[in-house]
Amino acid sequence: AQSAISFERPDDRTVVLTYRDLTDGKDRYPDEVYRLRIEVEEETGDLLITPSAESPRPGVYGVCLQIGRLRPAVSVEAPIWDGMRITSDMPDCLWHNQWPSFWDFQFLALNGQEQGAFGLWAQDGRFDYYKSLFFMVRDGTISLSLESFATPPFDTLRSVTSVTWRLQAFDRHWTQAAARYRAWRDGPNG
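Described below are features of the structure shown in this document.

Scoring rules and cut-offs
Residues numbered from 1 in each chain as written. Predicted model: local features only at pLDDT ≥ 70, side-chain atom pairs only at ≥ 80, totals over all residues. Heavy atoms only, no water. Salt bridge = Lys/Arg side-chain N within 4 Å of Asp/Glu carboxyl O. Helix = DSSP H or I, 4+ residues; strand = E, 2+ residues; numbered from the N terminus. Buried < 20%, exposed > 50% of the residue type's maximum accessible area, 1.4 Å probe, protein only. Patch = residues over 30% accessible without salt bridge, like charges linked within 9 Å, V, L, I, M, F, W, Y side chains within 5 Å. Areas by Shrake-Rupley, 256 points an atom, 1.4 Å probe, with all protein chains shown as cover. Disulfide = S-S within 2.5 Å. 1 Å grid on protein atoms, 1.4 Å probe; cavity = no way out; pocket = protein on both sides within 12 Å on 5 of 7 lines; lining within 4 Å. Points joined across faces, edges and corners; volume = space filled by probe spheres on them. Nonpolar A, V, L, I, M, F, W, Y, C, P; charged D, E, K, R; others polar.

Re the pattern of salt bridges
Scanning all chains against the criterion turns up 13 salt bridges. Its salt-bridge partner being Asp46, residue Arg166 comes within 2.5 Å of it at the nearest N-O pair. Taken together, the positions of Arg166 in strand 14 (residues 165-170) and Asp46 in the loop between strand 3 (28-40) and strand 4 (47-54) put the pair 120 residues apart, joining distant regions of the chain. The buried category is assigned to Asp46, whose relative accessible area is 0%. Among the charged side chains, a salt-bridge network with shared partners connects Glu41, Asp46, Arg166 and Arg180.

See the structure below:
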């Protein structure tokens, strides 16, 4: 309840959410800041989501985009070990997958309840960012955390801006999301 959020609208297609006085559930960090820049790309309609973080203390190494507690009917298609489906009926677990070690592509597809899907992928065609995917299954829900790292050395860094994550909705199936990601990846901007 002590944390604060502010809202800016730099233009008609962009909002910036700024979170201050953060907590990890135990300690408070009143001087640290988490920002989420969200914009709609005019030509594609993709949501472009860019997290960033700041601290007055050095050692800021990365920032996460959290997607938490998806409905039990939602499943996630992930290119981990050539492909796996994450479902809410899996045993409770927390998995950490690094790109490109086990997370083969910087992409996820979230399946709708009976139809439809969301595609989510890193806008990082030059592979400038080291990334990790955490997924947790607990109490019949799925939570995701997409982490991207700054460029080392970290010991002097007081801020980090993440890779931009693209999010797009599709009306039928996760394969539409995968095809859209491939078209982006193989295109001139990927």
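Quick word on a nonpolar patch on the surface
Together, Trp81, Trp95 and Phe102 make up an exposed nonpolar region whose accessible area comes to about 310 Å². Within the secondary structure layout, Phe102 lies in the loop between strand 8 (93-99) and strand 9 (107-111).

Some words on the state of the cysteines
Scanning the model with the defined rule gives zero disulfides in all. Not part of a disulfide, Cys64 finds its nearest cysteine sulfur in Cys93, a span of 17 Å. Taking the relative accessible area as the measure of exposure, Cys93 reaches 19% and is therefore buried.

Regarding the layout of surface pockets
Considered as a void within the structure, the largest pocket measures approximately 750 Å³ in volume. Secondary structure elements with two or more residues in the lining of the largest pocket: strand 2 (14-23), strand 3, strand 4 and strand 5 (62-70). Along the lines of polarity and charge, the residues of the lining of the largest pocket split into 11 nonpolar, six polar and five charged. Lining the second largest pocket are 13 residues, and of these Pro79, Phe105, Phe107, Trp174 and Ala178 lie nearest its centre.

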